[in-house]
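These are the residues of each chain, in order.
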Amino acid sequence: ELKVEQNPLFLSMQEGKNYTIYCNYSTTSDRLYWYRQDPGKSLESLFVLLSNGAVKQEGRLMASLDTKARLSTLHITAAVHDLSATYFCAVDITGNQFYFGTGTSLTVIP
Amino acid sequence: DAMVIQNPRYQVTQFGKPVTLSCSQTLNHNVMYWYQQKSSQAPKLLFHYYDKDFNNEADTPDNFQSRRPNTSFCFLDIRSPGLGDAAMYLCATSSGRYNEQFFGPGTRLTVL
């Protein structure tokens, strides 16, 4: 059974600090997705990583994928309050099914 | 703007009373998905349609059914909702296998 684990599950960080969220998955996949979810809202697509070594950046967020290590990272630079949300990674190995990670609840405090 | 629309946004039903949730899309995507997300949990795939081909996840309860009458619309029917079915139900679409999924705003279901 595929497992997609995120670390940490909960993250409280001060504004201006940097931090990294990790997403490990247990089977081979070349595709990984990052989503953001605000409380009570739907999922917003952040990044689509389609190959080993892929790196994408948008604003204060940068995502990378290492398919050999089965690891993706979401790096936060100089956090601001607006980044407070739950972040999910998702792996697609069958072409029709996303296996979501456990989620990381991020709180950025002043 | 092309989008995924879900109706209603909030649905309250009584224990055992059938309920139908609706999803429509203007993206003309082949694939439509239904996910269940309980509080503080990750979304869990219930089933998906690839065009008209229905694919049920092995652990989706029989209480959950789906219909896709055309490319644009997909429905989730819960035949006899239980208290444990209270959740956010998310519809998503994609243009094909291994492609990014686009999510609708969700329907929050409450079962009394």
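This is a predicted model, so every value here is computed, not measured. (Residues numbered from 1 in each chain as written. Chains lettered and ligands numbered in written order. Predicted model: local features only at pLDDT ≥ 70, side-chain atom pairs only at ≥ 80, totals over all residues. Heavy atoms only, no water.)

K.L.:
Explain the interface of chain B and chain A to me, and be specific about the residues and the numbers.
P.N.:
The interface of chain B with chain A comprises 23 residues on the first partner and 20 residues on the second. Between chain B and chain A, roughly 1,700 Å² of surface is buried when both sides are summed, and carbon and sulfur atoms account for 50% of that area. The largest contributions to the chain B side of the interface with chain A come from B:Y98, B:E100 and B:F103, which together make up 36% of the buried area. The tally of links from chain B across to chain A stands at 0 salt bridges. One can count 4 residue pairs in polar contact (both at pLDDT 80 or more) joining chain B with chain A. Looking at the side of chain B that touches chain A, the elements that each hand over two or more residues are β4 (31-37), β5 (44-50) and β9 (87-94) of chain B. Examining the composition of the side of chain B that touches chain A, we find that 4 residues originate from one element, β4(B), more than from any other. (Contact = heavy atoms within 4.5 Å. Buried area = accessible area lost by both parts, 1.4 Å probe. Salt bridge = Lys/Arg side-chain N within 4 Å of Asp/Glu carboxyl O. Polar contact = N/O pair within 3.5 Å; in protein donor to acceptor, adjacent residues only side chain to side chain. Helix = DSSP H or I, 4+ residues; strand = E, 2+ residues; numbered from the N terminus.)

K.L.:
Residues and numbers for the side chain of A:T73, please.
P.N.:
All names here are of chain A. Along the polypeptide, T73 turns up in strand β8 (residues 71-76). Taking the relative accessible area as the measure of exposure, T73 reaches 16% and is therefore buried. A polar side-chain atom of T73 sits 2.6 Å from a polar atom in the side chain of S64. Ignoring anything within four residues of it in the chain, the contact list for T73 reads T20, I21, Y22, W34, M62, A63 and S64. (Buried < 20%, exposed > 50% of the residue type's maximum accessible area, 1.4 Å probe, protein only.)

K.L.:
An account of the sheet that holds strand β7 (residues 61-66) of chain A is requested, with residue identities and associated values reported.
P.N.:
Residues and elements named next belong to chain A. The 5 strands are arranged β1-β3-β8-β7-β6 in an open sheet whose pairing can be described as antiparallel. Unpaired on one side and paired on the other, β1 (4-7) and β6 (55-58) mark the two borders of the sheet. Across the sheet, the mean angle separating the axes of adjacent strands is 15° when strand polarity is ignored. Sheet topology note: the β1/strand β3 (residues 19-25) ladder contains 4 bridges and is antiparallel. Looking at the pairing, V4 lines up with Y25 of β3. (Pairing = 2+ DSSP bridges. Axes fitted to C-alpha atoms, helices over the stretch in contact; angles between N-to-C directions.)

In short, geometric facts, not functional conclusions.
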